[in-house]
Amino acid sequence: MAPEDITLKLRDVRAASGLSLSKVAEMTGVSKAMLGQIERGESSPTIATLWKIAKGFQLPLSALIGSETLRDTPSSDVFRTVTFPGSLEVKIVFPFDPALRAETFHVNLSPNQVHDSAAHATGVTEEVFVLTGELDILRDGEWVPLQAGQGLRFAADLPHSYRAGEQGTAFLNMHHYAQLDALAAIG
């Protein structure tokens, strides 16, 4: 993913909301300096930073990393891969759809890789379906083991983690959003 893609999305979202960098920093917990660097294309945000921004604006992740809402039409953004160095590789399968209040990603984790995820916005539910390998998901303080062909639905508005098995893993990760307040602006 090119840093300018995130730059444009963050700038567009902030402009549409009419908020200052200071107010966005307060809403998201991301420093004003970092937000400014992202907007100017001087810094590429981590996946954790993007989630903080999305949560602060009450937007789905693909509102910041994807393009317009896609429904029943092929696009270059479908299956577009976004790599966060030292973290996750996320492929957009279906960008956020306001009618469904959902988005779907294909995620790869390296062998034994652990990814900790902060709580998402209130009411967000995740569904994970393992395509290859083994995956453990930490939810409610307990690791739940999954094999290829198995899935799990859980509340993602609490901190949670993913842990790949010894062969690594690939899984589909669907996010379902309960709150629609800020979503109309991107729909």
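Quick look at the structure, then. This one's a predicted model, so the numbers in the text were calculated from it and none came from an experiment. (Residues numbered from 1 in each chain as written. Predicted model: local features only at pLDDT ≥ 70, side-chain atom pairs only at ≥ 80, totals over all residues. Heavy atoms only, no water.)

**Let's talk about the overall build of the protein chain**
Right, so step 1: What the protein chain contains, in helices and strands, is five helices and eight strands.
Right, so step 2: Secondary structure of the protein chain in N-to-C order comes out as α-α-α-α-α-β-β-β-β-β-β-β-β.
Right, so step 3: Counting every position in the protein chain, which comprises 187 residues, the buried fraction comes to 45%.
Right, so step 4: Contacts spanning at least 24 positions in sequence make up 65% of the contacts within the protein chain whose residues lie at least 6 apart.
Right, so step 5: Of the roughly 9100 Å² of accessible surface on the protein chain, 52% is carried by carbon and sulfur atoms. (Helix = DSSP H or I, 4+ residues; strand = E, 2+ residues; numbered from the N terminus. Buried < 20%, exposed > 50% of the residue type's maximum accessible area, 1.4 Å probe, protein only. Contact = heavy atoms within 4.5 Å. Areas by Shrake-Rupley, 256 points an atom, 1.4 Å probe, with all protein chains shown as cover.)

**Quick notes on the pattern of salt bridges**
Where charged atoms of side chains with opposite charge meet at close range, the side chains can pair.
Right, so step 1: Enumeration over the complete set of coordinates arrives at five salt bridges.
Right, so step 2: Notably, a salt bridge pairs E42 with R40, separated by 3.0 Å at the nearest N-O pair.
Right, so step 3: A salt bridge links E127 to R153; its shortest N-O distance comes to 2.5 Å. One end of the pair, E127, is in strand β5 (residues 125-139); the other, R153, is in strand β7 (residues 151-155), with 26 residues separating them in the sequence.
Right, so step 4: The exposure class of R153 is exposed, given its relative accessible area of 58%. (Salt bridge = Lys/Arg side-chain N within 4 Å of Asp/Glu carboxyl O.)

**Considering the pairing of strand β6 (residues 142-147)**
Right, so step 1: When β5 meets β6, the two strands line up antiparallel, connected through six bridges. Bridging from a neighbouring strand, E134 pairs with Q147 of β6.
Right, so step 2: Where β5 folds back onto β6 in an antiparallel hairpin, the turn is made up of two residues, including D140, whose phi is positive at roughly 50°. (Pairing = 2+ DSSP bridges.)

**Let's talk about the packing of aromatic side chains**
Right, so step 1: Applying the stated rule across the entire model yields two aromatic pairs.
Right, so step 2: Relative to Y177, the ring of F96 has its centre 5.7 Å away and its plane inclined at 85°; by these criteria the two rings are edge-to-face. Here Y177 lies in the segment after β8 (160-176) and F96 lies in strand β2 (residues 89-97), a separation of 81 residues in the sequence.
Right, so step 3: Among the residues examined, F96 registers a relative accessible area of 2% and is labelled buried. (Phe/Tyr/Trp six-rings, centres within 6.5 Å; stacked < 30°, edge-to-face > 60°.)

**Here's the deal with the pairing of β2**
Right, so step 1: Strand direction decides the pairing type here: β2 and strand β3 (residues 102-109), joined by six bridges, are antiparallel. Looking at the pairing, D97 lines up with A102 of β3.
Right, so step 2: Hairpin connection from β2 to β3: four residues lie between these consecutive antiparallel strands, with R101 at a positive phi of about 55°.

**Some thoughts on helix α3 (residues 32-39)**
In an α-helix, one turn spans 3.6 residues, which is why side chains three or four residues apart end up on the same side.
Right, so step 1: When α3 is considered as a whole, its buried residues turn out to be L35, G36, I38 and E39. Down the axis, α3 shows its buried residues gathered within 160° of arc, on one side only.
Right, so step 2: Once α3 ends, the next one or two residues include G41, with phi positive near 75°. (Arc of directions from axis to C-beta.)

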